[in-house]
Amino acid sequence: MSCRAGADLVLACVTWFTQGGARILSAPPEWAECRLDGALSSPWSRRNRFVMQDPYTSRYPRTRGLASHAGPLVLLGLLALDARAEWGDPDPFFSEIPMVLTASRLAQSPLDAPAPVTVIDREMIVASGFNEIHDLLRLAPGFLVADHPDGPPTVATHGLGDAHARRIKVMVDGRTVNSPLWGNVIWDNLPLRVDDVERIEVVRGPNGAAYGVNAFQGVVNIITRAPSTESGRAFVVRTGKNGFRDYGVRLNGAGGSAFDWRLSASRRELTTFEPHFRERLGDWHSSESLTRNTAHFSAVLQLSAAEELGLQVGVSEGDSKRGAQAYLDYPPHTEEDRALHLQFGWRRHIDAESVLSVQYFHQGERAGGSWPVIQAQGTTTASFPTSRASEARRHDLELQYDTRLGRRLTGMLGIGLRSEHARSLHLFGTTRWLDSTHGQVFGSLTWNPLDPLKIDLGGTLEHHDYSGRLFSPRLAFNYALDEDSALRLSTGTAYRAPSLMESRAFQTDREGDTIRRIGFRVFDPLQSERMRFVDLGYVAQLRSFGLGFDARVFREYYRRFIDDKSCVFGECPRPEPADYVPIDPGKKSFYFLNVDDFRMTGAEFTLDWRKPGWGRAVLSQAFIRIDHGEPYSDRDIPNSAPHATTSLLLIKDFPGRWQASLGYYHNGLYYWMNGGDIVPRTDRFDLRVARRFGPPGSDNEVSLTALSLKGRYADFHEDKFRHEPDLYLGVRIGW
């Protein structure tokens, strides 16, 4: 298959979308690119920077089901692109090959990457209108995003998600931000905001060969804006319904010297859920209102032409008001959250093709809050206090060396050491610190035996206190059909080690020295989840049509899936503690265990079309099937992935520096496991209208954004939760 054949396929799709008389693409237009000065060599790099275009991402041939969901919208969007404006960059489209960092820890073209990568670039981030970072992942094919009022938002890909989704490794500038407790991400407590993000690279599949255990179903790398990409000062304000207030300030160094820096700070207040009355059972469920104060500092010191230091410090603190007056287990209360992230890096170019880097990360989390739990006992009630107090810390040191070993051979080698510490009487039944250590050696070799062929062999060998010794290998072949298109075939193994909660949990509510209720607990040691996978992909830049196209099909084999199972007092697999006097013997507790093996099969694609002065359309689609052949211990496993998900972002430029964007997000019916439940078929529409002002090239802007135009919708649990729509006005002024 050549790039010409790929172009014919995509042209057929576009023609199908636009049947009805519009003769677009009849003559080759002047395509343009959107360029970002993103640092590829390091998160902070000022010197070692490639000019980078907004990455394209595309996926798989259309089906009738996709047409029914997205066809009319794409038709409407393409027919609406009819006016030339002042927003685009006049440079030729894709004149520079885009670079990605996250697939192999090295800067490379997506055509050469050993894993599929989606890039959510700065233009998409702004046009989406999203003001929370986790929502941006709706733009990646196959990703599922949910909010719920009983805890932080949750993100999964291709199903298997729950209230503590922990099968995706999430990083900020290469540092892991998954919580040491559950292994999930406390999205609403990250110490940075959407305004701080340059782009998000999403590896859409297992990547344990590059990052080790827990890079299981995918890797999300949030890349922040380098200090040199902004100058001066800016004030940002967003205000809208549901008490939404978001105020921020951005201060930047003068630039032009060896030291460059930026400080951003913000405060936001919002209500995500109102109390919801469940008519079927006649009970109420939680509301949620959040307040967060966030600050993020980034600095780069250029020691010499070949050496630099980087520093990032981020803090977040605030309150979450949750619960419902009639919800006895979860009455209205306030929870406090604190987070600290610190990153320090040193990087030196040994020669033109060899780089040595050292990075240190620190992550700290602290949560607090207590409330009375009321239990009805016949005509009377009993009450006892509960608390969610916990504290966790992580220290991570990593060294990496990249070099060229020969004319056709390059290599990378690194070592990482990590220690994690946590304590919580509520979660672990003890006030002492629980400690764990983790060491890994990672590396890769890339060989070009023929000009069009690249062979990548990579792997990570590691030892973890909760999982023992594990090796995650990957073998990938990339074959260039021409300079603008390539095929990829990769296979390998990935693991997910049990989290601290899955290894040491003894979650209790106590009245004095007496245990009155048990939540999660561990009876037997768990084995790591294992996945073997095979992936076939096609990536192309179709310059003559202004299209980026990325498609893949894959199959994944899961073994030893970790799930939880419920039991009641007196019927659990182990004797109950002597000091356990349950306030309600019929109340369920939960324990972890390895359960099912199963197979997942899927296909996904992204089309990214743009023309300067007209606009841009980014369409992503995923189709997933989890085999139903096994007698699953949890019947929600095969139903945890919707058969189809769609995202569409249309960006239209108008004269007078106006821009409008429309987002469409569709999912079929599916289940959130363990804390969640059924989510019905959902079609969500978002709209943003903006006008820039001030000197050309400035980011001054006024915008109006409506999220969820159709109103409230069921989220995470159809019976319990209704997510509130948002409508807000935004203003950014720089000087």
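Caption draft 1: Geometry of the overall build of the protein chain. For the protein chain, the helix and strand inventory stands at six helices and 43 strands. Each of the 735 residues in the protein chain was classed as buried or not, and the buried ones make up 60%. Long-range pairs, those at least 24 residues apart, make up 66% of the contacts in the protein chain with a sequence separation of at least 6.

Caption draft 2: Structural context of the confidence of the model for the protein chain. The pLDDT averaged across the protein chain works out to 86; a share of 85% of its residues lies at or above 70. Here residues 1–95 is modelled with pLDDT under 50, and outside its nearest four sequence neighbours on either side it reaches 280 contacts, counting other chains as well.

Caption draft 3: Broad picture of the side chain of Asp715. Its place among the elements puts Asp715 in the loop between strand E41 (713–714) and strand E42 (722–723). Here Asp715 occupies a buried position and makes no salt bridge, while the nearest side chain of opposite charge, Arg138, is found at 5.0 Å. A distance of 3.2 Å separates the side chain of Asp715 from the backbone nitrogen of Asp147, its partner in a polar contact. Those residues in contact with Asp715 that sit more than four places away from it in its chain are Val145, Ala146, Asp147, Phe721 and His723.

Caption draft 4: The nonpolar core, seen in detail. Counting residues in hydrophobic clusters, the biggest one holds 36 residues, and the most contacted among them are Leu137, Trp187, Ile200, Val220 and Ile222. For this core, the elements supplying multiple residues, two or more each, are helix H3 (122–128), strand E4 (143–146), strand E6 (168–172), strand E8 (197–203), strand E9 (218–224) and strand E35 (644–654). Not counting chain neighbours up to four residues away, the residues in contact with Val220 comprise Leu137, Phe143, Ile168, Lys169, Val170, Met171, Ile200, Glu201 and Val202. Core analysis: the next-biggest nonpolar cluster, separate from the first, contains 16 residues, Phe216, Tyr558, Phe561 and Ile624 among them.

Caption draft 5: Expanded view of the sheet that holds strand E7 (residues 175–176). Taken together, the five strands give an open sheet; going across it, the order is E3-E8-E9-E6-E7, and neighbouring strands pair in mixed fashion. At either end of the open sheet lies a strand with only one pairing partner, and these are strand E3 (117–120) and E7.

Caption draft 6: Up close: the packing of aromatic side chains. This structure, assessed with the given rule, holds 19 aromatic pairs. The interplanar angle of 65° and the centroid separation of 5.2 Å between the aromatic rings of Phe244 and Tyr728 together place this pair among those described as edge-to-face. Placement of the pair is Phe244 in the loop between strand E10 (233–240) and strand E11 (245–252) and Tyr728 in strand E43 (residues 726–734), with a sequence separation of 484 residues. The exposure class assigned to Phe244 is buried, which follows from its relative accessible area of 5%. Each residue in the set Phe273, Tyr670, Trp672, Phe716 and Phe721 is aromatic and connected to the rest through ring pairs, giving one cluster. In this structure, Arg105 packs its charged tip against the face of Phe442, placed 3.7 Å from the ring centre. A cation over an aromatic ring shows up here: Lys652 above the ring of Phe654, its NZ or CZ 4.4 Å from the ring centre.

Caption draft 7: Fine view of the side chain of Glu420. For Glu420, the position within the fold is in strand E22 (residues 409–424). The class of Glu420 is buried, set by a relative accessible area of 11%. There is a polar contact of 2.9 Å between the side chain of Glu420 and the side chain of Arg394.

Caption draft 8: Seen up close, a nonpolar patch on the surface. Taken together, the side chains of Leu399, Leu413, Ile415, Val441, Leu461 and Phe471 make up a nonpolar region of the molecular surface, amounting to roughly 520 Å² of accessible area. Within the secondary structure layout, Ile415 lies in strand E22. A residue is classified by how much of its surface remains accessible, and Ile415, at 43% relative accessible area, is partly exposed.

Caption draft 9: Molecular detail of the sheet that holds strand E32 (residues 589–594). Pairing is mixed across the open sheet formed by four strands, whose spatial order is E27-E28-E32-E31. Two strands lie at the open edges of the sheet, namely strand E27 (506–511) and strand E31 (562–567), each paired on one side alone. Taken over all neighbouring pairs, the strand axes of this sheet differ in orientation by 30° on average, direction set aside. With five bridges connecting them, E27 and strand E28 (residues 514–521) associate as antiparallel partners. In the strand pairing of E28, Arg510 is matched with Ile515.

Caption draft 10: Structural detail: the pattern of salt bridges. The tally for this structure, following the rule as stated, stands at 57 salt bridges. Notably, a salt bridge pairs Arg543 with Asp484, separated by 2.7 Å at the nearest N-O pair. Taken together, the residues span a long stretch of sequence, with Arg543 in the loop between strand E29 (529–542) and strand E30 (547–559) and Asp484 in the loop between strand E25 (468–482) and strand E26 (485–496) at a distance of 59 residues. Residue class for Asp484 comes out buried when judged on its relative accessible area of 8%.

Caption draft 11: Spotlight on the environment of Val249. Tracing the sequence through the fold places Val249 in strand E11. Note: C-alpha distance between Val249 and Arg267 (18 residues apart in sequence) is 9.6 Å.

Caption draft 12: The state of the cysteines, seen in detail. Counted by the stated rule, this structure contains one disulfide. Two residues, Cys567 and Cys572, share a disulfide whose sulfurs are 2.0 Å apart. Taking the torsion about the sulfur-sulfur bond, which here is approximately 90°, the covalent link between Cys567 and Cys572 counts as right-handed. Cys567 gets classed as buried once you look at its relative accessible area, which sits at 8%. Residue Cys572 is classed as buried on the basis of its relative accessible area, which comes to 12%.

Caption draft 13: Region of interest: the environment of Thr176. Mapped onto the elements, Thr176 comes out in strand E7. Here the alpha-carbon distance between Thr176 and Phe361, two residues 185 residues apart in the chain, equals 8.4 Å. Every residue in contact with Thr176, bar those within four places of it in the chain, is listed here: Lys169, Val170, Met171, Gln363, Arg394 and Arg418. Here the side chain of Thr176 touches Arg418 through a polar contact of 3.5 Å, side chain to side chain.

Caption draft 14: View of unusual backbone geometry. Positioned with a positive phi, Arg105 is a non-glycine residue whose angle comes to about 75°. Positive phi outside glycine occurs at Arg657, with the angle close to 65°. Secondary-structure assignment places Arg657 in the loop between E35 and strand E36 (658–667). Accessibility expressed as a relative area gives 18% for Arg657, which makes it buried.

Caption draft 15: Here's a closer look at the pairing of strand E24 (residues 453–464). Of the pairings in the sheet, the one linking strand E23 (residues 430–450) to E24 comprises 11 bridges and is antiparallel in character. Residue Ser444 lies in a different strand from E24, and its bridge partner there is Gly458. Connecting E23 to the antiparallel partner E24 that follows it, the hairpin turn spans two residues. As paired elements, E24 and E25 share 12 bridges and run antiparallel to each other. Paired with His464 across the bridge in E25 is Gly468. Between E24 and the antiparallel strand that follows it, E25, lie three residues.

Caption draft 16: Local environment of the pairing of strand E17 (residues 333–351). Sheet topology note: the strand E16 (residues 307–323)/E17 ladder contains 16 bridges and is antiparallel. Paired with Glu317 across the two strands is Arg338, which belongs to E17. Linkage of E17 to strand E18 (residues 354–368), two consecutive antiparallel strands, is achieved through a turn of two residues.

Caption draft 17: Spatial organisation of the environment of Arg496. Within the fold, Arg496 resides in strand E26. Arg496 sits in the buried class, given a relative accessible area of 1%. It is 9.1 Å that separates the C-alpha atoms of Arg496 and Gln217, two residues lying 279 residues apart in sequence. Among all residues touching Arg496, those that are not within four sequence positions of it are Arg166, Arg167, Asn214, Phe216, Glu502, Ser528, Glu529 and Ile562. For Arg496, the side chain forms a polar contact with the side chain of Glu502, separated by 3.1 Å.

What counts, and at which threshold
Within each chain, residue numbers correspond to sequence positions counted from 1 in written order. Two thresholds apply to this predicted model, a pLDDT of at least 70 for residue-level local features and 80 or more for giving and counting side-chain atom pairs, whereas whole-chain, interface and lining totals are computed over all residues. As a convention, hydrogens and water are excluded, and side-chain values are obtained from all of the structure's heavy atoms. Only runs of H or I of at least four residues qualify as helices and only runs of E of at least two qualify as strands under DSSP, and these elements are numbered from the N terminus. Exposure classes here rest on a 1.4 Å probe applied to the protein chains alone. A residue is buried below 20% of its type maximum, exposed above 50%, and partly exposed in between. Whether two residues are in contact is decided by their heavy atoms, any of which lying within 4.5 Å being enough. Scored from 0 to 100, pLDDT reflects the predictor's confidence in each residue. In this tally Asp and Glu are treated as negative and Lys and Arg as positive; neither His nor the chain ends contributes. Salt bridge, as used here, is a side-chain nitrogen of Lys or Arg placed within 4 Å of a carboxyl oxygen of Asp or Glu. Here a polar contact means two N or O atoms within 3.5 Å. Within protein one must be a hydrogen donor candidate and the other an acceptor candidate, and residues neighboring in sequence count only if both atoms are side-chain atoms. Take the buried Ala, Val, Leu, Ile, Met, Phe, Trp, Tyr and Cys residues and link them wherever side-chain atoms come within 4.5 Å; each set so joined is a nonpolar core. Strand pairing follows a simple DSSP-based rule, namely that at least 2 bridges must link the two strands. What counts as a ring pair is set by centres within 6.5 Å for rings of Phe, Tyr and Trp (its six-membered ring), and what kind of pair is set by the plane angle: stacked under 30 degrees, edge-to-face over 60, tilted for all other angles. The rule for a charge over a ring is simple: NZ of Lys or CZ of Arg within 6 Å of the ring centre, and within 35 degrees of the ring normal. Like-charged residues within 9 Å of one another, or nonpolar side chains (Val, Leu, Ile, Met, Phe, Trp, Tyr) within 5 Å, are grouped into patches, provided each residue has over 30% relative accessible area and no salt bridge. To measure how exposed things are, a 1.4 Å probe is used in the Shrake-Rupley method; for residues, cover is taken only from the protein chains shown. Inter-axis angles, ranging from 0 to 180 degrees, are taken between N-to-C directions of lines fitted to C-alpha atoms, where helices are fitted over the stretch in contact. In this description, the term disulfide denotes a pair of cysteine sulfurs within 2.5 Å.

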